Amino acid sequence: MIKFLIGPALGLLCMGHIVNLVMACSGNGSSSDTSSVSPKDWWQTAQFYQIYPRSFKDSNGDGIGDLQGIKSKLSYLKEIGVDATWLSPIYTSPMADFGYDIANFFDIQEEYGSLEDFDELIAEANKLGLKIIMDFVPNHSSDENVWFQKSVNREKGYEDYYVWSDGFVDEHGQRQPPSNWLQAFRGSAWKWNDQRQQYYLHQFAEKQPDLNYRNPDVVAQMKRVLTYWLDRGVAGFRIDAVPWMFEALPDATGRYPDEPLSGYTDDKEESAYLLHIYTQDQPETIDMVYQWHQLLEDYQRVHGGDTRVLMIETWSSIGEVMKMFGNKTVQGAQIPFNFQFIVAGNDDQINTDLPAPGFVKIIKKWMDNMPAGKTANWVMGNHDKRRVGSRYGENRIDLMNMLQMFLPGISVTYMGEEIGMVDLDISWEQSVDPAACNSNPEIYEKFTRDPARTPFQWGPGENADFSTNHSTWLPINPNYLTVNVETEKVNSKSHLNVYKAMSALRQTKTLQYGKLQYGNVGDNILAIKRYLPNEKTYILLANVLGDAKSANVTDVIKATGSYKTKIANMISTRKEGDLVSLDNFVLSGYEAIIVETD
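No experiment lies behind these values; they were computed from the predicted model shown. Here, residues in each chain are numbered from 1, in the same order as that chain's written sequence. For this predicted model, a pLDDT threshold of at least 70 governs which residues receive local features, and a threshold of 80 or more governs which side-chain atom pairs are given and counted, while totals over whole chains, interfaces and linings are taken from all residues. No hydrogens and no water enter the side-chain calculation; it runs on all heavy atoms of the structure.

Engineer: Is there a simple way to think about the side chain of Arg 453 in this case?
Structural biologist: With respect to the element layout, Arg 453 can be found in the loop between α12 (434–437) and α13 (485–489). As used in this structure description, the phrase polar contact means that two N or O atoms lie within 3.5 Å; if the pair is within protein, one of them must be able to donate a hydrogen and the other to accept it, and residues adjacent in sequence are counted only when both atoms belong to side chains. Within the structure, Arg 453 has its side chain in polar contact with the side chain of Tyr 52 (distance 3.3 Å). At 2.9 Å, the side chain of Arg 453 and the side chain of Asp 384 are in polar contact. For Arg 453, the residues in contact, after removing those within four places along its chain, are Tyr 52, Ser 55, His 383, Asp 384, Tyr 414, Asp 433, Trp 473 and Leu 474. For helices the rule is a DSSP run of H or I covering at least 4 residues; for strands it is a run of E covering at least 2, with both sets numbered from the N terminus onward. By the convention used here, residues are in contact when the closest approach between their heavy atoms is within 4.5 Å.

Written out as structure tokens, the structure is:
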């Protein structure tokens, strides 16, 4: 059943189809002329690109990506229009969760390189005009971190660095954890430590003990971590797992409040079995984000240079996400990630049948909730979720890239989406992701993140030209023979060249400063207009479903006449310059085009 928008959206009957009309402004765009437009900061119109270092490029033939590999491919990022890239964790780690379990926040994991390699990467990026964003993991460390070892031993100053509890003894004389809390990777979030004779909290793997942010020494320590990497030249941070940073306080007996059942699943080991009202989105979390923003602001005031940015990972409700921007008196993160296109749709996030009203609803939800004067961002995928082509369908790969890069504000691309990489089915025997390995062969596919983390496909050579080693840390998708950078570079009809064309279009004043108008005609046709006085108007027309449809979008986006085709996806047979009449055109199944005024 299709649910049409009500309320602020205006439902109109046009040629037998329901359409929705929605208008919204983009950032601080002007409605007069371009001379009155306020300049935007670098990040407000930036193209961000996520690199999963382990899978990007192997420089030394061990089957694992590394910093020198990234450095060797920075020119590629420049070529496709990237402004800044954020690196998934590269800190020293025993790799229980592939770098999200950090043993030393001040050094580089040996298999990725050294601090010298990192400094070289920063220097090369600076030469090319690229910015490096560091992944920051504040919620937890590795249990092999010296801080945790000191806390286990109750060394002075470290006694309460982590969340410890005695638990309680039940009516049978058995010691029990202090609450029913569940970790993200299945099972209890509490682990008994024999040496300290207490439980510690770990909301992820048991080798990832939670730091105690109610301890001011921990807060100060983590600010030192941020400053250390700022001193090494990073342009900001992507902050991991922010909602989990604080948890409710225990009562006088040391017991923590049990979380209620969610009703979503009968699997008592799965995180979704509980509603996480005491372990996520606690009020103190927002203030911590504000403190980090202030640190970056103070750093810039002292050291100068471009604005340093905060990118916040939060899967919280839209209201909680919007709080991350700040309030009337305090500035927060510039980029609380917009995951609406990831979380929308069915429970398993497979959106291959999502109709045009669903696209409109997703866009509207973010634009209507975003505080005035803030900058929108659009994230279609990342290392934790199925690839865009696997969630939305391979026929929609260009369509989704075009949509993400056409909407106002910031675009964030996960590596490989620009060439149309898709998930590779990873067997239970090949699985390495703890989210999968903590389950069993019958259910692991529900939890695994391995399929979206396979090595990047650079060329048609052995191992997709990712590595000279005979094997790679995860297997490479066999489709690399055709889905790769080198092959797509020379093919005018390729995902990569559509992406590059969109990157070029994002440099126009219309896309950087223009207003936004959007809507749908029936289930098939999505129409989005970007416009700015005295500049060209651009319109994205997309058939999001598989059957061909004729349409009239003049009422949806308040535009008439014929427009010239500027960019067409691989499915389209239209060529640049072909005329499209907005009151009567046909789009084949999954066809997406961008048209422009003269």
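So that's the structure; there's more coming.
Engineer: Please clarify how the sheet that holds strand β12 (residues 198–201) should be interpreted in this entry.
Structural biologist: Where strands meet in a sheet, backbone hydrogen bonds hold them as pairs that are either parallel or antiparallel. At least two DSSP bridges between two strands are needed for those strands to be called paired. The 3 strands are arranged β8-β12-β11 in an open sheet whose pairing can be described as antiparallel. At either margin of the open sheet sits one strand with a lone partner, and together these are β8 (164–165) and β11 (190–193). Pairing of β11 with β12, which is carried by 4 bridges, proceeds in the antiparallel orientation. Residue Lys 191 lies in a different strand from β12, and its bridge partner there is Tyr 200.

Engineer: When you look at the packing of helix α5 (residues 216–231) against helix α6 (residues 283–303) in this model, what are you seeing that I'm missing?
Structural biologist: Comment: axis = line fitted to C-alpha atoms, over the contacting stretch for helices; angle = value between 0 and 180 degrees taken between N-to-C directions. Put simply, α5 and α6 touch, their axes get as near as 11 Å, and they point 35° apart. Here the hand of the crossing between α5 and α6 comes out right-handed. Judged by residue contacts, Val 219, Lys 223, Leu 226, Thr 227, Leu 230 and Asp 231 of α5 engage Met 288, Gln 291, Trp 292, Leu 295, Leu 296 and Tyr 299 from α6. Residue composition of the contact of α5 with α6, grouped by class: 8 nonpolar, 2 polar and 2 charged. By convention, the crossing between two helices is left-handed when the near helix turns anticlockwise from the far helix through less than a right angle, and right-handed when the turn is clockwise. Side-chain classes are defined by residue name, with Ala, Val, Leu, Ile, Met, Phe, Trp, Tyr, Cys and Pro counting as nonpolar, Asp, Glu, Lys and Arg as charged, and the others, Gly among them, as polar.

Engineer: In this structure, what is going on with a nonpolar patch on the surface? I would like to understand it.
Structural biologist: To count toward a patch, a residue needs a relative accessible area above 30% and no salt bridge. Like charges then connect within 9 Å, nonpolar side chains (Val, Leu, Ile, Met, Phe, Trp, Tyr) within 5 Å. The accessible surface values rely on the Shrake-Rupley method and a 1.4 Å probe; as for residues, cover is taken only from the protein chains in view. Here, a salt bridge means any Lys or Arg side-chain nitrogen found within 4 Å of an Asp or Glu carboxyl oxygen. Together, Tyr 264, Leu 275 and Ile 277 make up an exposed nonpolar region whose accessible area comes to about 330 Å². Among the structural elements, Tyr 264 can be located in the loop between β13 (236–239) and α6. Exposure is judged per residue with a 1.4 Å probe applied to protein chains only, and the accessible area is read against the type maximum: over 50% gives exposed, under 20% gives buried, and values in between give partly exposed. When its relative accessible area of 66% is taken as the criterion, Tyr 264 is described as exposed.

Engineer: I'm lost on the confidence of the model for the chain in this one. Help?
Structural biologist: It should be kept in mind that the predicted coordinates are not to be read in detail where pLDDT is low. Summing up the model confidence of the chain, the mean pLDDT is 93 and the portion of residues at 70 or higher is 93%. For the stretch residues 1–35, pLDDT sits under 50, and the model shows 88 contacts to residues farther than four places along the chain or on other chains. One confidence number per residue, pLDDT, is output by the predictor and ranges from 0 to 100.

Engineer: Any chance you could explain the pairing of strand β25 (residues 592–596) here in plain terms?
Structural biologist: Where a strand is regular, its side chains alternate between the two sheet faces. Most of β25 is tucked away, with 5 of its 5 residues classed as buried. Because side chains alternate across β25, one face comprises the buried residues Ala 592, Ile 594 and Glu 596, and the other comprises Ile 593 and Val 595, equally buried. Relative to β25, strand β20 (residues 538–543) runs antiparallel, the two being bridged by 5 bridges. In the sheet register, Ile 539 faces β25, and the bridge partner there is Val 595. As defined by bridge partners, strand β22 (residues 562–568) adjoins β25 across 4 bridges and the pair is classed as antiparallel. Residue Ala 568 lies in a different strand from β25, and its bridge partner there is Ile 593.

Engineer: Would you mind going over the pairing of strand β4 (residues 84–87) with me for this structure?
Structural biologist: Residues Ala 84 and Trp 86 of β4 are buried on one face, and the alternating residues Thr 85 and Leu 87, pointing to the opposite face, are buried as well. Pairing of strand β3 (residues 47–51) with β4 involves 4 bridges; the strand directions are parallel. Residue pairing across strands places Ile 51 opposite Leu 87, the latter belonging to β4. Across 4 bridges, β4 lies against strand β7 (residues 131–136) in parallel orientation. Looking at β7, one finds that Trp 86 is bridged to Ile 133.

Engineer: Is there a simple way to think about the environment of Leu 474 in this case?
Structural biologist: Inspection of the secondary structure assignment puts Leu 474 in the loop between α12 and α13. Look past the residues within four positions of Leu 474 in its chain and what remains in contact with it is Gln 430, Val 432, Asp 450, Arg 453, Thr 454 and Pro 455.

Engineer: For this particular structure, what's the right way to read the environment of Pro 177?
Structural biologist: Along the chain, Pro 177 turns up in the loop between β10 (175–176) and β11. Considering only alpha carbons, one finds Pro 177 and Asp 41, 136 residues apart in sequence, at a separation of 49 Å. When residues no more than four places from it in sequence are discounted, the contact partners of Pro 177 are Gly 167, Phe 168, Ser 188, Trp 190 and Tyr 199.

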